[in-house]
Amino acid sequence: MPARPARLLLAAFSPELAGLDAAPPEGWAVACTGVGALAAAVETARLLALHAPERVLFVGTCGAYDARLAPGELIAASEAVATSLDERAGRAYRPALERTRWPATFTLPLPAHRVAVPPAITLTEEGARALAEVAAAEHLELTGVFAACAAANVPAAAALAVANRVGPGAHEEWKANHATASRALVAALRERGVLGAEELLE
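Remember, it's a predicted structure, so these values are computed and weren't measured experimentally.

The rules behind each value
All residue numbers here refer to positions counted from 1 along the written sequence of the relevant chain. It should be noted that, the model being predicted, local features are given only for residues of pLDDT at least 70 and side-chain atom pairs only at 80 or more, the latter also being counted only at that level, while totals for whole chains, interfaces and linings use all residues. Note that water and hydrogens are dropped before the side-chain values are worked out from all heavy atoms of the structure. Nonpolar core, defined: a set of buried Ala, Val, Leu, Ile, Met, Phe, Trp, Tyr and Cys residues in which side-chain atoms within 4.5 Å join the residues together. To sort residues, take the accessible area from a 1.4 Å probe on protein chains only and compare it with the maximum for the residue type: under 20% means buried, over 50% means exposed, and anything in between is partly exposed. Only DSSP runs of H or I with at least four residues qualify as helices, and only runs of E with at least two residues qualify as strands; both kinds are numbered from the N terminus onward. A contact between two residues is defined here by any heavy atoms of the two lying within 4.5 Å. Each pair of aromatic rings taken from Phe, Tyr and Trp, with Trp reduced to its six-membered ring, is defined by centres within 6.5 Å and is described as stacked if the planes are under 30 degrees apart, edge-to-face if over 60, and tilted in the remaining cases. Look at NZ for Lys and CZ for Arg. If either is within 6 Å of the ring centre and within 35 degrees of the ring normal, a charge sits over the ring. We treat two strands as partners when DSSP finds at least two bridges between them. Here a crossover is taken to be right-handed if, once the strands point away from the viewer, the path from the first strand over the helix to the second is traced clockwise. Salt-bridge detection follows one rule: a side-chain nitrogen of Lys or Arg within 4 Å of a carboxyl oxygen of Asp or Glu. Given the number of residues in a helix, its expected span is that number minus one, multiplied by 1.5 Å. Note that the bend at a residue is defined as the angle between axes fitted to the seven residues ending at it and the seven residues starting at it.

Enquirer: Could you give an account of the nonpolar core, naming the residues involved and the relevant values?
Expert: Core analysis: the biggest nonpolar cluster contains 32 residues, and Leu10, Val56, Phe58, Leu142, Val145 and Phe146 have the highest contact counts within it. Breaking this core down by element, the ones donating at least two residues are β1 (7-11), β2 (28-32), α1 (37-51), β3 (55-64), β4 (74-82), β6 (112-117), α4 (142-152) and β8 (156-165). In terms of residue count, α4 provides more of this core than any other element does, five residues in total. Filtering out sequence-adjacent residues up to four positions away, Val145 remains in contact with Leu10, Thr33, Ala40, Thr44, Val56 and Phe58. Counting 23 residues, the second largest nonpolar core, distinct from the first, contains Trp28, Leu110, Ala157 and Ala188.

This is the structure we're talking about:
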């Protein structure tokens with residue numbers, strides 16, 4: 001009977017795996033979580049129960065809030081932060097008991113930045129400036145993935161490719177760049193030994 005894959009590689013949807021779903025690296029199970037933090041949390045929890053991995057790596061694309069990052073850059077998420085524009089503007093708040101921050105629990109050979117996870121994509125430059133006070137990049141699934149892994153006590157990290165600037169033109173820029181950005185990210189992870197069969201992660 002073949003050994004169960006020791007690691008779990010996740011992305012929101014298939015194009016962000018850049019072909020790894022069709023040809024998983026040795027020692028890895030590969031799957032998609034679906035789009036959005038809630039869907040990602042539920043599906044990650046299901047996959048953790050199914051595969052019982054020793055660790056989880058999420059890959060995907062993100063948007064840059066300001067000049068700290070530019071399209072084409074590759075980053076590791078140092079922390080995933082649940083937030084919203086209403087919170088930043090003082091129109092909403094969260095109960096004190098609610099957890100909103102999940103750090104990555106193993107390191108990757110990429111520059112590390114905090115990642116904000118709002119409930120929906122930010123469309124305005126004003127919104128990007130407000131959320132830039134929280135993080136350098138925007139992503140939609142990462143709090144769900146990290147929360148599920150934390151609940152299961154499974155180490156988790158995320159590698160993201162910046163595909164667009166957050167703001168009015170974000171969607172068109174993302175559509176033009178996301179496939180190329182995902183391929184570049186997977187290539188970089190291969191080159192740096194992250195997706196190898198041997199244990200090369202810290």
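Enquirer: Break down the packing of aromatic side chains for me, with residues and values.
Expert: In this structure the tally under the stated criterion is one aromatic pair. Stacked on the ring of Phe106, the Lys or Arg Arg55 has its end atom at 4.4 Å from the ring centre.

Enquirer: Which residues make up the pairing of β6, and what values go with them?
Expert: Inspection of the sheet shows β4 paired to β6 by six bridges, in the parallel sense. Of the residues in β6, the one forming a bridge with Ala76 is Ala112. As a crossover connection, the stretch from β6 through helix α3 (residues 125-131) into strand β7 (residues 137-138) is right-handed.

Enquirer: Now, about the pattern of salt bridges: what can you tell me, with residues and values included?
Expert: This model, assessed by the stated rule, comprises eleven salt bridges. Here Glu54 ties to Arg7 by a salt bridge, and the two come within 3.6 Å at their closest N and O atoms. Here the residue Glu54 occupies a position in the loop between α1 and β3, and Arg7 occupies one in strand β1, the gap between them amounting to 47 residues. Arg165 serves as the salt-bridge partner of Glu173, at 2.6 Å between the closest nitrogen and oxygen. Residue Glu173 is classed as buried on the basis of its relative accessible area, which comes to 19%. One salt-bridge network, held together by shared partners, links Glu79, Arg101 and Arg114.

Enquirer: Residues and numbers for the side chain of Asn164, please.
Expert: With respect to the helices, strands and loops of the structure, Asn164 is situated in strand β8. For Asn164, a relative accessible area of 8% corresponds to the buried category. In this view, Asn164 contacts Cys62, Gly63, Ala64, Pro71, Ala170, Glu173 and Trp174; residues no more than four positions away in its chain are not counted.

Enquirer: Go over unusual backbone geometry, please, and point to the residues and values.
Expert: Of note, the phi angle at Ala18 is positive, near 50 degrees, even though the residue is not glycine. Mapped onto the secondary structure, Ala18 falls in the loop between β1 and β2. Within the chain, Asn153 stands out as a residue other than glycine whose phi angle is a positive 60 degrees.

Enquirer: I'd like to hear about helix α5 (residues 170-191), residue by residue, with values.
Expert: Helix length check: α5, at 22 residues, gives a terminal C-alpha distance of 29 Å against a target of 32 Å (1.5 Å per residue), a fit within 8%. Along α5, the sharpest kink reaches roughly 50 degrees, centred on Asn177. Ala170, Glu173, His178, Ala181, Ser182, Leu185, Val186, Ala188 and Leu189 are the residues of α5 that are buried. On its buried side, α5 packs onto β3, β4 and β8. Downstream of α5 by one or two residues, Gly193 has phi in the positive range, about 80 degrees.

Shape is all these values report; function is a separate question.
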